[in-house]
There are 2 protein chains.
Amino acid sequence: MALPLTPSRTGQPASDCRVLGLRERKKQRTRDSLVAAAHALFLRQGYARTTVDEIAASVDVSQRTFFRYFANKEEVALAVLADAEDYFVDCLRRRPAAETPLQAMRASITQAWQVLSRDEGSGPGGVQAALELIDLIESTPVLLAAHLRRTIEQEGVVTAILAEREGLDPATDVRPRVLAAAFGAVVRVSHLSWTADTAAHAAGPDGMIAIIERHLDQLGPALAGPWRN
Amino acid sequence: MALPLTPSRTGQPASDCRVLGLRERKKQRTRDSLVAAAHALFLRQGYARTTVDEIAASVDVSQRTFFRYFANKEEVALAVLADAEDYFVDCLRRRPAAETPLQAMRASITQAWQVLSRDEGSGPGGVQAALELIDLIESTPVLLAAHLRRTIEQEGVVTAILAEREGLDPATDVRPRVLAAAFGAVVRVSHLSWTADTAAHAAGPDGMIAIIERHLDQLGPALAGPWRN
DNA sequence: TGCCGAATGTCAGTAGCTGACATAATGTTC
DNA sequence: GAACATTATGTCAGCTACTGACATTCGGCA
């Protein structure tokens, strides 16, 4: 139950379950159940064809309670991925100062995917679920829109981390923001390529890492001079 | 009424109004009125506090008719901006083959903003409206999400243009997709900076162009080696 | 003038989402 | 452990975005 590497997004500090009261544990369980139920329903019958009432009913809570845990239907779908993104941010925070900003970002993603795939396998918030979610998102316009918005919110956090790391004021120097945005964009198109690539698809997290690295490698060349020889 | 440089998104070929039948002209007028009315209402009382019924009523059509013109409430808000983006794509298509891909993209944006600001001023689909829309979008999460999705759809088109331009297969060579994504990201953060920058704000389209160029200039440095001297 | 097809209006219904209030479960204090 | 405060949950009523079905009206055309 304890997920020390992916702090849940309920605002709890990462402490042991047993020190939490019954109330908190029950809430956590309800939340996890809702995410799992929603995930299963979305994958089986599609996002649009799944109603909030169904999700709530399958966990035996009222629709109103669902909306007290998640602001909207999209949020429950993106919850797993959101945890993974939070973990990426944690990785970035801990990167050694000697690394170049781009190096730190790059190392953080591969590290995040590797650790997540090692520690959680196919658990409720695991890598398996995250990868399935990416497919679902990429094929569901409404979800894609919500996901993109979430992503650029994260970019704000990343911008702040980079700026602090390098001792810069993000209002003056645009490099932190530009790097965060460009990097996020490359990761996004990597997801896109991954969903279309059945081989990488089968390779799981490792395939994803490979694709992301290939795209990052092409970022420089894509911006540089003429492409033709 | 004729907007030769920003073909409307109704699927009409860009021909003179007078050769169109009464029916087509009426449809165009209704559409334009809906966009203008929605725009005015959104700016006055906010996006969320404006209902579709209000918009429809202020143009004297039924709510059902509104939804025959626009798939959803977001679409009417993004219509003006969508036209501008289409024009950017047109510019890109016409860029000389001698230019570097990045040069072509860069020239296309500045060209798009300049031409739009010269030719349409403050018309219903003009630059004035587009700039106001950017502020609205940036401060309205739902709109921002929809806008981001639209943007990455455009990125698909841009990717195709770049690939054809350079004679590449976008499935093999990731550079077109990567450049389109990174460029789009930089333009987006430029919009963000623009909304926060009152001076550039006051300068209108020229201020926007200046900000975009500043951000593009920093793309290389942001990716390169250590930032500290 | 009269016919055809397209645009519009009307109506009923579904689903996402919210506020208000009552109820029940939990935590706390003496 | 009894009384109280806090908090999660359920219920209900209501709003708004959006859709399908059908009737009506309007523009185009013979």
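Cut-offs applied
- Residues numbered from 1 in each chain as written.
- Chains lettered and ligands numbered in written order.
- Predicted model: local features only at pLDDT ≥ 70, side-chain atom pairs only at ≥ 80, totals over all residues.
- Heavy atoms only, no water.
- Helix = DSSP H or I, 4+ residues; strand = E, 2+ residues; numbered from the N terminus.
- Buried < 20%, exposed > 50% of the residue type's maximum accessible area, 1.4 Å probe, protein only.
- Contact = heavy atoms within 4.5 Å.
- Near = heavy atom within 4 Å.
- Polar contact = N/O pair within 3.5 Å; in protein donor to acceptor, adjacent residues only side chain to side chain.
- Nonpolar A, V, L, I, M, F, W, Y, C, P; charged D, E, K, R; others polar.
- Least-squares fit on C-alpha atoms with pLDDT ≥ 70 in both.
- Phe/Tyr/Trp six-rings, centres within 6.5 Å; stacked < 30°, edge-to-face > 60°.
- Lys NZ or Arg CZ within 6 Å of the ring centre and 35° of its normal.
- Core = buried A, V, L, I, M, F, W, Y, C linked by side-chain atoms within 4.5 Å.
- Domains from an automatic or database assignment.
- Axes fitted to C-alpha atoms, helices over the stretch in contact; angles between N-to-C directions.
- Parallel < 35°, antiparallel > 145°, perpendicular 65-115°, else oblique.
- Left-handed = near helix turned anticlockwise from the far one by under 90°.

Undergrad: Honestly, the overall build of chain A in this entry has me stumped. Any pointers?
TA: The helix and strand tally for chain A stands at 11 helices and zero strands. For chain A, the sequential pattern of α-helices and β-strands runs α-α-α-α-α-α-α-α-α-α-α. Looking at the 229 residues of chain A, the share that counts as buried comes to 50%. For chain A, the proportion of contacts with a sequence separation of at least 24, taken over those separated by at least 6, is 61%.

Undergrad: What is the right way to look at the protein's contact with DNA strand C in this model?
TA: Around DNA strand C, the surrounding shell holds 22 residues, and the nearest of these are Lys73 of chain A together with Arg23, Lys27, Thr65 and Arg68 of chain B. The sugar-phosphate share of atoms of DNA strand C within 4 Å of the protein amounts to 53%. Residue lysine 73 of chain A places a main-chain N or O atom 2.7 Å away from a phosphate oxygen belonging to DNA strand C. Within the contact set of DNA strand C, a base nitrogen lies 2.4 Å away from a side-chain nitrogen or oxygen of arginine 23 of chain B. Elements with a minimum of two residues in the surface near DNA strand C: helix H1 (22–45) and helix H3 (63–69) of chain A together with helix H1 (22–45) and helix H3 (63–69) of chain B. Ranked by residues supplied to the surface near DNA strand C, first place goes to H3 of chain B with four residues.

Undergrad: Explanation requested: the protein's contact with DNA strand D in the structure shown.
TA: With respect to spatial proximity, 23 residues lie near DNA strand D, and among them Ser62, Thr65 and Arg68 of chain A together with Leu22 and Lys73 of chain B are the closest. At a separation of 2.8 Å, a phosphate oxygen of DNA strand D approaches a polar side-chain atom of serine 62 of chain A. Between DNA strand D and arginine 68 of chain A there is a distance of 2.7 Å, counted from a base nitrogen to a side-chain nitrogen or oxygen. Elements that contribute at least two residues to the surface near DNA strand D include exactly H1 and H3 of chain A together with H1 and H3 of chain B. Its residues placed into classes, the surface near DNA strand D shows six nonpolar, seven polar and 10 charged.

Undergrad: Explain the relation of the copies chain A and chain B here, please?
TA: What connects the two chain copies is a rotation about an axis and a shift along it. Superposing chain A onto chain B requires a rotation of 180° together with a translation of 0.0 Å along the rotation axis, leaving an RMSD of 0.1 Å. Taken together, the rotation angle and the small translation identify this as a two-fold axis.

Undergrad: What is the right way to read the packing of aromatic side chains from this model?
TA: Pairs of aromatic rings are described using the distance from one ring centre to the other and the angle between the two planes. Per the stated rule, a full pass over the model turns up eight aromatic pairs over all chains. A ring pair is formed by phenylalanine 42 of chain A and tyrosine 47 of chain A, whose centres lie 4.9 Å apart and whose planes are at 55°; its orientation type is tilted. Relative accessible area serves as the criterion here: at 6%, tyrosine 47 of chain A is assigned to the buried category. Ring geometry for phenylalanine 66 of chain A against phenylalanine 67 of chain A: centres 5.2 Å apart, planes inclined by 85°, an arrangement best described as edge-to-face. The class of phenylalanine 66 of chain A is buried, set by a relative accessible area of 0%. Judged by relative accessible area, which is 31%, phenylalanine 67 of chain A ranks as partly exposed. Chaining the aromatic ring pairs together yields one cluster made of Phe66, Phe67 and Phe70 of chain A. Its end group placed over the ring of tyrosine 47 of chain B, lysine 73 of chain B keeps NZ or CZ at 4.4 Å from the ring centre.

Undergrad: Hey, could you run me through the nonpolar core in this one?
TA: A general trend in soluble globular proteins is that nonpolar side chains are found buried together. Core analysis: the largest hydrophobic core is formed by 134 residues, its most contacted members being Trp113 of chain A together with Trp113 of chain B. In terms of domain composition, this core takes at least three residues from each of domain 1 (19–70) and domain 2 (74–223) of chain A. When residues no more than four places from it in sequence are discounted, the contact partners of tryptophan 113 of chain A are Val127, Leu131, Ile134, His191, Pro205, Met208, Ile209 and Ile212 of chain A. Counting residues in each nonpolar core, the second largest holds six residues, with Ala181 and Ala185 of chain A together with Ala181 and Val189 of chain B among its members.

Undergrad: Can you help me understand the packing of H1 of chain B against helix H6 (residues 127–138) of chain B in this one?
TA: The axes of two packed helices give the description: the angle between them and the distance between them. Residue and element names in this part refer to chain B. Running from amino to carboxyl end, H1 crosses H6 at an angle of 45°, the nearest separation of the two axes being 11 Å. Relative to H6, H1 is oriented oblique. In the packing of H1 onto H6, the handedness of the crossing is left-handed. On H6, the residues that touch His39, Phe42 and Leu43 of H1 are Ala129, Glu132, Leu133 and Leu136. Of the residues belonging to the contact of H1 with H6, the class tally is five nonpolar, one polar and one charged.

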